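# Examination of the molecular architecture
Letter by letter, the chains look like this.
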Amino acid sequence: GIIEDIRRSRLVGVDPLSLPDDLRKGLNELRESLAAASDRLARDLYESEAHFVHELLQNADDNKYGQNDLPVLKFTLRHGPANTSTGRGSYFFAANNEVGLSEADVRALCDISRSSKSALGGATTGYKGV
């Protein structure tokens, strides 16, 4: 499937010890650099911890819906004590009735600065994400 292809192309699951020394060193340096860049981007991208709600609204507005469907977005916030036997506790859940993700959307979600929105010609609420 798509996820397996992405994992393979990024050498996920490959034992670095099985690679030649120069490739192993290069792979480790690239992974460390990407992890640091991702962390920096995540910290610098949003001015508030609640900005993700704005992003979820933008994404819902930009989604594709069935021709006769009225777009619906639902947020659920549950606050409660953690229960280790059931795995339940506090959570936030967002759902909508979009038609679903295309392969291009999935690939964009698994990457940094790769959007499937460019095909929409700027007719979106936001410009980041899918």
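Conventions we followed
- Residues numbered from 1 in each chain as written.
- Predicted model: local features only at pLDDT ≥ 70, side-chain atom pairs only at ≥ 80, totals over all residues.
- Heavy atoms only, no water.
- Helix = DSSP H or I, 4+ residues; strand = E, 2+ residues; numbered from the N terminus.
- Buried < 20%, exposed > 50% of the residue type's maximum accessible area, 1.4 Å probe, protein only.
- Contact = heavy atoms within 4.5 Å.
- Areas by Shrake-Rupley, 256 points an atom, 1.4 Å probe, with all protein chains shown as cover.
- pLDDT = per-residue confidence, 0-100.
- Phe/Tyr/Trp six-rings, centres within 6.5 Å; stacked < 30°, edge-to-face > 60°.
- Salt bridge = Lys/Arg side-chain N within 4 Å of Asp/Glu carboxyl O.
- Patch = residues over 30% accessible without salt bridge, like charges linked within 9 Å, V, L, I, M, F, W, Y side chains within 5 Å.

### What to know about the overall build of the chain
A tally of helices and strands in the chain yields 4 helices and 2 strands. Starting at the N terminus and walking to the C terminus, you meet the elements of the chain as α-α-α-β-β-α. Buried residues in the chain amount to 15% of all 130 residues. Pairs at least 24 apart in sequence give 46% of the contacts found in the chain among residues at least 6 apart. As presented, the chain carries roughly 10,000 Å² of accessible surface, and 56% of it is formed by carbon and sulfur atoms.

### A few points about the confidence of the model for the chain
For the chain, per-residue confidence averages 84 on the pLDDT scale, and 88% of positions sit at 70 or higher. The weakest mean pLDDT in the chain belongs to helix α2 (residues 21-45) at 88; the strongest belongs to strand β1 (residues 73-78) at 94.

### Quick look at the packing of aromatic side chains
Enumeration over the complete set of coordinates arrives at 2 aromatic pairs. Here the aromatic rings of F75 and F92 are separated by 5.6 Å at their centres, their planes lie at 40 degrees, and the arrangement is tilted. Of this pair, F75 sits in strand β1 while F92 sits in strand β2 (residues 91-96), placing them 17 residues apart in sequence. Assessed through its relative accessible area of 34%, F75 is described here as partly exposed.

### Examining the pattern of salt bridges
For the coordinates displayed, the defined rule picks out 7 salt bridges. Between D111 and R10 there is a salt bridge; the shortest N-O distance is 3.5 Å. A residue pair is termed long-range when its members are at least 10 positions apart, and D111 in the segment after α4 (103-109) and R10 in the loop between α1 (2-9) and α2 qualify at 101 residues. Accessibility expressed as a relative area gives 26% for D111, which makes it partly exposed. A salt bridge links D39 to R43; its shortest N-O distance comes to 2.9 Å. Taken together, the positions of D39 and R43, both in helix α2 and 4 residues apart, correspond to about one turn of that helix. The class for D39 is partly exposed, based on a relative accessible area of 41%. One network of salt bridges, with partners in common, ties together D5, R8, E103 and R107.

### Here we look at a nonpolar patch on the surface
Residues F52, L57, L73, F75, L77 and F92 make up a contiguous nonpolar surface patch of roughly 550 Å² in combined accessible area. Among the elements of the structure, α3 (51-62) and β1 are those that each provide at least two residues to the nonpolar patch. In terms of residue count, the dominant contributor to the nonpolar patch is β1 (3 residues). A residue is classified by how much of its surface remains accessible, and F92, at 35% relative accessible area, is partly exposed.

### What about unusual backbone geometry?
Residue L11 is not a glycine yet carries a positive backbone phi of 60 degrees. Along the chain, L11 falls in the loop between α1 and α2.

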